[in-house]
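Structure assessment
Here are the chains, one letter per residue:
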Amino acid sequence: MSPDSLERLRSTIRDVPDFPQPGILFKDITPVLADAELMKAAIEGMAENFVGQKVDKVVGIDARGFIFGALIAQHLGAGFVPVRKKGKLPWKTRGVDYSLEYGTNSVEMHLDALAPGERVVLADDLLATGGTAGAALELIRESGAELLGSVFFIELAFLCGREKLENCGPIHSLLTF
Ligand code: AMP
């Protein structure tokens, strides 16, 4: 991706202080979602890391990871699998509990969403402490699928989430703050 596109993406993200609680600087991606050209560039930039790798499924994390994950899946000719917050998926699930930058959470994936040996990429909007991605990666690992790597639109490097994802394959992020 050109330095110009990266800079436009970076400056289009809106910083919202103290949301959803005091002390959190929330990265609001909705201005990027609303810009067709920028969003296309973001998806191409994120998918680029896996082009030619025969990806079977892209796993996206509830809720903004669905947007990036589904579009990356389309771009790569892969299927999409949602990892959802506890209690939202209708079929049989496996689940993992984890802690995040603010609070705790549980995520689940359908038991039959990934087959052993399927080639899988994890996608989410943002890597903060790495708790959410770590939980999703644990679900992928338990399924017996082959993890090709993870991709994030934004990485908050000062929270060192990347360290929590050691031994989880390549980690790509389009923008680092
Ligand atoms: P973590 O588990 O700490 O890596 O948090 C990552 C998840 O929480 C992502 O799915 C984000 O959507 C959300 N998140 C955490 N921190 C922020 C932030 N500062 N701005 C926007 N979203 C965030």
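Being a predicted model, the structure only gives us computed values, none of them experimental. (Residues numbered from 1 in each chain as written. Predicted model: local features only at pLDDT ≥ 70, side-chain atom pairs only at ≥ 80, totals over all residues. Heavy atoms only, no water.)

**Examining the packing of aromatic side chains**
Put simply, the rule reads: To pair, rings of Phe, Tyr and Trp, with the six-membered ring standing in for Trp, must have centres within 6.5 Å; the planes then decide the type, stacked if under 30 degrees apart, edge-to-face if over 60, and tilted in the middle. Each residue is assigned to one of three classes by its accessible area relative to the maximum for its type, calculated with a 1.4 Å probe on protein chains only: buried under 20%, partly exposed between the two thresholds, exposed over 50%. Numbering goes from the N terminus for both helices and strands, where a helix is a DSSP run of H or I of at least four residues and a strand is a run of E of at least two. Both a distance and an angle decide whether a charge sits over a ring: NZ of Lys or CZ of Arg must be within 6 Å of the ring centre and within 35 degrees of the ring normal.
Counted according to the given criterion, the structure contains three aromatic pairs. Taking the centre distance of 5.2 Å and the plane angle of 85° together, the rings of Phe19 and Phe26 count as edge-to-face. According to the relative accessible area criterion, Phe26 is buried, its value standing at 14%. Taken together, a centroid distance of 6.0 Å and an interplanar angle of 85° make the contact between Phe66 and Phe80 edge-to-face. Pair noted here: Phe66 is in helix H4 (residues 64–76) and Phe80 is in strand E4 (residues 79–85), with a separation of 14 residues, a long-range link. Of note, Lys27 hangs over the ring of Phe177, and the distance from its end group to the ring centre comes to 3.8 Å.

**Quick notes on the side chain of Ser150**
Using the following cut-off: Throughout, a contact is declared for two residues whenever any of their heavy atoms are within 4.5 Å.
Along the polypeptide, Ser150 turns up in strand E8 (residues 146–155). Classification of Ser150 by relative accessible area gives buried; the value is 0%. Beyond its immediate chain neighbours, meaning those up to four positions away, Ser150 contacts Phe50, Leu122, Leu137, Pro170, Ile171 and His172.

**Concerning unusual backbone geometry**
Where the residue is not glycine, phi is negative for most of them; where a peptide bond is considered, it is trans in most cases. The amide bond that connects Phe19 to the next residue, Pro20, takes the cis arrangement and shows omega of 0°. If you trace the backbone, Pro20 turns up in the loop between strand E1 (14–17) and strand E2 (25–28). Along the chain, Asp62 connects to Ala63 via a cis peptide bond; the corresponding omega equals -5°. Examined against the element boundaries, Ala63 turns out to sit in the loop between strand E3 (57–61) and H4. Positive phi, close to 60°, is recorded for Cys160, a residue that is not glycine. Among the structural elements, Cys160 can be located in the loop between E8 and helix H6 (161–164).

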